[in-house]
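# Structural features, examined
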Amino acid sequence: MSENIYDTIIIGSGPAGLTAAIYNIRANLRTIVLGGDQPGGQLTLTTVVENYPGFATGIGGLKLMMDMQTQVKNLGVEIRNAKVMGISKFKIQNSKFKIELEDGRVLETKAVIVTTGAKARWLNLPKEKELIGKGVSACATCDGMFFRDKTVVVVGGGDVACEDAMFLSKFASKVYLIHRRDTLRAQVYIREKIKLNPKIEFVWDTEVININSKNESQNSKLEDIKIKNNKTGEEKVMQIDGLFVAIGHDPATSFVKDLVELKETGHVIVGKSEKYPTMTSVPGVFAAGDNVDDVYRQAIIAAGHGAMAGMDAERWLGENKS
Ligand code: NAP
């Protein structure tokens, strides 16, 4: 067998991909994980993870992913930091898909599991990225706990921004919800609920135009933000402890758009086959994690979903040998 032919190629190295890999290698399948350009996925941008079972006092996001990666490697899975440009169907003997890598190399496989996740949208302001984990976050569920009795801002006007604001109000003393328009995009029931929350104050027609940190050293921390009312032009500085950006996520699925069916949002459609719940519209191509899930978006859900995809791929391979 050519060294480039695998039983399963898993694209993406977050919790979904690495868990799928654990299940595949333990099923004796020749498995490789192609880790992409942000190996470990979104969790590597999170500080402490306290909502992943098994860690009594929580665990750093980066450490969790590094440990998961070590576990996967120890089981014998090859992990390569390679970016996939496209997948095409093909048939020579029992190999079914060609995976084209950014560096021009091509791998062959009998099944594919797409676990490329999603990327949070950011405001694209200077300092925003360097302050992730130092006051700036795109995940209230992950980081909300660290803002007990603090003042925080949520940016956005959709369901997630509203849910984040309500979640953060359990910890923070004050939550400002800054939205660029004067109407929320969020569903009616969330809109009604959020208005009743005494800790949440709306700042309408407003955009964050600058993010400032306390010092320029490695230990810099969010200090304040500058906001601008886009109707009056008025600018104001707000001293805050936390900035939660909730302006949407984009699933990393453009490289499979010509292969499998996607939702309008770009999430991969799975679940059409009762037998293989994680199978996409193309037999032999499975998907799991945040590139499928536009509701929960949690590491533990992605890991569970990855386990399902690994098991589905294994059963499908067993039943589709030629
Ligand atoms: P979303 O619905 O697309 O909302 C994104 C929000 O961010 C919008 O209010 C948008 O403003 C704002 N925004 C976008 N780019 C911005 C920028 N550069 N600067 C400032 N504001 C910006 O995204 P989401 O809230 O993440 O929700 C994603 C999907 O999940 C939605 O379909 C949502 O319904 C669904 N969801 C459902 C539930 C639930 O049913 N319980 C819970 C969570 C999420 P504009 O309004 O002006 O465009």
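Residues numbered from 1 in each chain as written. Predicted model: local features only at pLDDT ≥ 70, side-chain atom pairs only at ≥ 80, totals over all residues. Heavy atoms only, no water.

## A closer look at the domain arrangement of the protein
Domains assigned within the protein are domain 1 (5-119 + 249-319) and domain 2 (129-245). If you look at the interface, domain 1 gives 9 residues, while domain 2 gives 9 residues. The contact between domain 1 and domain 2 buries some 740 Å² in all, and 55% of this surface belongs to carbon and sulfur atoms. Residues belonging to the side of domain 1 that touches domain 2 are distributed by class as follows: 2 nonpolar, 5 polar and 2 charged. (Domains from an automatic or database assignment. Contact = heavy atoms within 4.5 Å. Buried area = accessible area lost by both parts, 1.4 Å probe. Nonpolar A, V, L, I, M, F, W, Y, C, P; charged D, E, K, R; others polar.)

## Focus: the packing of helix H1 (residues 15-26) against helix H6 (residues 299-319)
Taken N-terminus to C-terminus, the directions of H1 and H6 make an angle of 35°; their axes are 7 Å apart at the nearest point. Regarding H1 and H6, the two cross each other, and that crossing is right-handed. Contacts between H1 and H6 involve Pro15, Ala16, Thr19, Ala20, Tyr23 and Asn24 from the first element and Ala299, Ala302, Ala303, Gly306, Ala307, Gly310 and Met311 from the second. Of the residues assigned to the contact of H1 with H6, the class counts are 9 nonpolar, 4 polar and no charged. (Axes fitted to C-alpha atoms, helices over the stretch in contact; angles between N-to-C directions. Helix = DSSP H or I, 4+ residues; strand = E, 2+ residues; numbered from the N terminus. Left-handed = near helix turned anticlockwise from the far one by under 90°.)

## Quick look at the side chain of glutamine 69
As for its position among the elements, glutamine 69 is in helix H2 (residues 61-74). What glutamine 69 contacts, discounting residues up to four positions off in sequence, is Leu18 and Ile79.

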